[in-house]
Amino acid sequence: MTAPSGYASDISTKILKDHPKNVPVPPTFSDALEHRAFLKFRLAQAYRIFAKYGYDEGVAGHITVRDPIRPDCYWVNPWGVHFKLIQPELLLLVDHEGKIQDKESGPFRFLNRSAYMIHSAIHEARPDVICAAHSHTTYAKAFGSLGKLLDPITQDSCAFYEDHTLYSEFRGIVEDREEGLAIAAALGSKKAAILQNHGGLVATKSIESTIFFFISLEKCCKVQMIADQAAAALGQRPRLIDHASAVKTRQLLGSELGGWFSGVPEFQLLEHEEGKKFEYTPAHESNL
């Protein structure tokens, strides 16, 4: 896990110029199978982190990661298995046409159609996106019903300043390709979206940054509703951070590497709680 690879090269290192040289950076891989195994391990962890935070809603919600060996495919959870139970060997490898890849996929071959419609559109439209997450979380749903974007009212919300969008159309459960394409188009080049009457969506260049920004987005939705309510009781509006300061803050906290670095502790804590870290046994290259 030492030689340079796409996992790290996809992530901007601009933030390092203003920080000590010993700031951690994402791991790199010389073995494509090890890279795949690590991403599957990390993705399964991401689902269990979502479970810990209560980001499950029945069988709704999904996180995907682009496969490093077959970039036209992505890994996703089997539909109907609780997030807390997701392990690497259960994950499904799916192509952009929604076909489950038999050789690589886990035993439960049940694909969430909405996951396919949304995530395939995002992964196709955004080659830079490695990981995308969507779920019906409490505060993203509540804030999303207001049909507005987050305001730059806190340091944390500045991470999304001019880097998130609102998808204002809700036509029921996402069951057709056009709806997925519309969501991907609304997301554009940004890292997050508020899906009106639906939930939150984050898409970035690493699993860690996607998970961090998703958690942060949920918290920012909660904080804005609290602030709006408190201000309204006083006949006021929350005070906004000025444009220049909001942009400067976003460039630091909202950067890809900033998101990765902020997300790593979530995985460290999970590993501490579960007593389980990534281990890799090299496989024969014929598995490629």
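Residues numbered from 1 in each chain as written. Predicted model: local features only at pLDDT ≥ 70, side-chain atom pairs only at ≥ 80, totals over all residues. Heavy atoms only, no water.

Asks: Requested: an account of the overall build of the protein, with residues and values cited.
Replies: If you tally the helices and strands in the protein, you get eight helices and seven strands. When the accessible surface of the protein is totalled, it reaches about 13700 Å², and 54% of it is carbon and sulfur. (Helix = DSSP H or I, 4+ residues; strand = E, 2+ residues; numbered from the N terminus. Areas by Shrake-Rupley, 256 points an atom, 1.4 Å probe, with all protein chains shown as cover.)

Asks: How would you sum up the nonpolar core? Please name residues and give values.
Replies: Counting residues in hydrophobic clusters, the biggest one holds 51 residues, and the most contacted among them are Ile63, Ile207 and Ile211. Considering every element that reaches this core, the biggest residue donor is helix α2 (residues 32-52), with nine residues. Beyond its immediate sequence surroundings of up to four residues, Ile211 is in contact with Ala46, Ile49, Phe50, Ile63 and Phe267. The next biggest cluster of nonpolar side chains, apart from the first, holds 13 residues, and it includes Ile118, Ile183, Ala184 and Leu195. (Core = buried A, V, L, I, M, F, W, Y, C linked by side-chain atoms within 4.5 Å. Buried < 20%, exposed > 50% of the residue type's maximum accessible area, 1.4 Å probe, protein only. Contact = heavy atoms within 4.5 Å.)

Asks: Mind laying out the sheet that holds strand β1 (residues 62-66), listing which residues take part and the relevant values?
Replies: Strand order across the open sheet formed by seven strands is β3-β2-β1-β4-β7-β6-β5, with mixed pairing between neighbours. Both edges of this open sheet fall to β3 (92-95) and β5 (164-167), since each of them pairs with a single strand only. Averaged over all neighbouring strand pairs, the angle between strand axes comes to 20 degrees, with direction disregarded. The sheet contact formed by β1 and strand β2 (residues 73-76) spans two bridges and is antiparallel. (Pairing = 2+ DSSP bridges. Axes fitted to C-alpha atoms, helices over the stretch in contact; angles between N-to-C directions.)

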